[in-house]
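The primary structure of each chain is shown beneath.
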Amino acid sequence: MEIIKLAHEEGHFGVQKNFEMLKKEYYITDLKSKIKKYIQNCIPCILSNRKHGKQEGMLHPISKERITRTIVSVLTKLSIDKPQEWHKHVWKLHKALNSTQHRSIRMSPFELLVGVKMRKEDLRLLEMIEEELAFAFDEEKDQKRKAAKQEILKIQEENRNTFNKKRKKAFV
């Protein structure tokens, strides 16, 4: 049960996600039912899971709403002891979401992006990708600011020249 507990506490995901994570690395007899039993007794999950059942209306949540609901639910569960420190768990949720298989694409987002499954050692690779993206973003931002500054200086010079054409020289 300790392995199931550790896997579940990575993000307090449901039975299927936990099953997918654990079956890759461990063989545990009757794994799905053991996961289900553990989740049914998980206090943070009991306190913060949305109630299920028929809801009014015919609209179905779009994927953005679904992922937002997942993020809020998981962060609530991870920070149940100290809700004001929810932000400290974002990295853990980020890793869990990007490394678990998504039903719609039948692979993890990491695998879709990089082409290989994320292993624990691959987390450094993910950090390097994020660092590279952040560096490229900062560089692009600096270039845009420099270009904007040049345009401002150019317009200011044009405005000064236009203004000065309409003025007489001052006599001292």
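Here is what the cut-offs are and how they apply
Residues numbered from 1 in each chain as written. Predicted model: local features only at pLDDT ≥ 70, side-chain atom pairs only at ≥ 80, totals over all residues. Heavy atoms only, no water. Helix = DSSP H or I, 4+ residues; strand = E, 2+ residues; numbered from the N terminus. Contact = heavy atoms within 4.5 Å. Areas by Shrake-Rupley, 256 points an atom, 1.4 Å probe, with all protein chains shown as cover. Salt bridge = Lys/Arg side-chain N within 4 Å of Asp/Glu carboxyl O. Buried < 20%, exposed > 50% of the residue type's maximum accessible area, 1.4 Å probe, protein only. Core = buried A, V, L, I, M, F, W, Y, C linked by side-chain atoms within 4.5 Å. Patch = residues over 30% accessible without salt bridge, like charges linked within 9 Å, V, L, I, M, F, W, Y side chains within 5 Å. Arc of directions from axis to C-beta.

If you check an unreviewed UniProt entry, the protein appears there as RNA-directed DNA polymerase from Cordylochernes scorpioides.

Engineer: It is not clear to me how the overall build of the protein should be interpreted in this structure. Could you clarify?
Structural biologist: When helices and strands are tallied, the protein shows 8 helices and 0 strands. Look at the contacts in the protein between residues 6 or more apart in sequence, and 46% of them connect residues 24 or more apart. Carbon and sulfur atoms form 58% of the exposed surface of the protein, whose accessible area is close to 14,200 Å².

Engineer: What exactly am I supposed to notice about the pattern of salt bridges here?
Structural biologist: Any two side chains of opposite charge can pair, so long as their charged atoms come close to each other. In the structure shown here, the tally under the stated rule is 5 salt bridges. Linking Lys 23 and Glu 20 is a salt bridge whose minimum nitrogen-to-oxygen distance equals 3.5 Å. Pair noted here: Lys 23 and Glu 20 are both in helix α2 (residues 15–25), with a separation of 3 residues, about one helical turn. Using a relative accessible area of 44% as the deciding quantity, one classes Lys 23 as partly exposed.

Engineer: Sorry if this is basic, but what is going on with the nonpolar core here?
Structural biologist: Inside soluble globular proteins, nonpolar side chains tend to come together where they are buried. Counting residues in each nonpolar core, the largest one holds 8 residues, listed as Ile 4, Ala 7, Phe 19, Leu 22, Leu 31, Ile 35, Tyr 38 and Ile 39. Listing elements by their share of this core, those giving two or more residues are α1 (2–8), α2 and α3 (31–40). Here this core gets 4 residues from one element, more than from any other, and that element is α3. For Ala 7, the contacting residues outside a window of four places in its chain are Asn 18, Met 21 and Leu 22. Membership of the second largest hydrophobic core comes to 7 residues, among which are Val 74, Leu 75, Leu 78 and Leu 93.

Engineer: For this particular structure, what's the right way to read a nonpolar patch on the surface?
Structural biologist: A cluster of nonpolar side chains, Ile 43, Ile 46, Leu 47 and Ile 80, forms an exposed patch at the surface whose accessible area comes to about 380 Å². Relative to the helices and strands, Ile 43 is located in helix α4 (residues 43–48). Accessibility expressed as a relative area gives 54% for Ile 43, which makes it exposed.

Engineer: I would appreciate a short explanation of α3 in the present structure.
Structural biologist: Structural remark: α-helix, 3.6 residues per turn; residues separated by three or four positions point the same way. Residues Leu 31, Ile 35, Tyr 38 and Ile 39 constitute the buried set of α3. Down the axis, α3 shows its buried residues gathered within 95° of arc, on one side only. Summarising the geometry of α3, the exposed residues directed more than 90 degrees from the buried face are Lys 37 and Gln 40. Packing partners of the buried residues in α3 comprise α1, α2 and α4.

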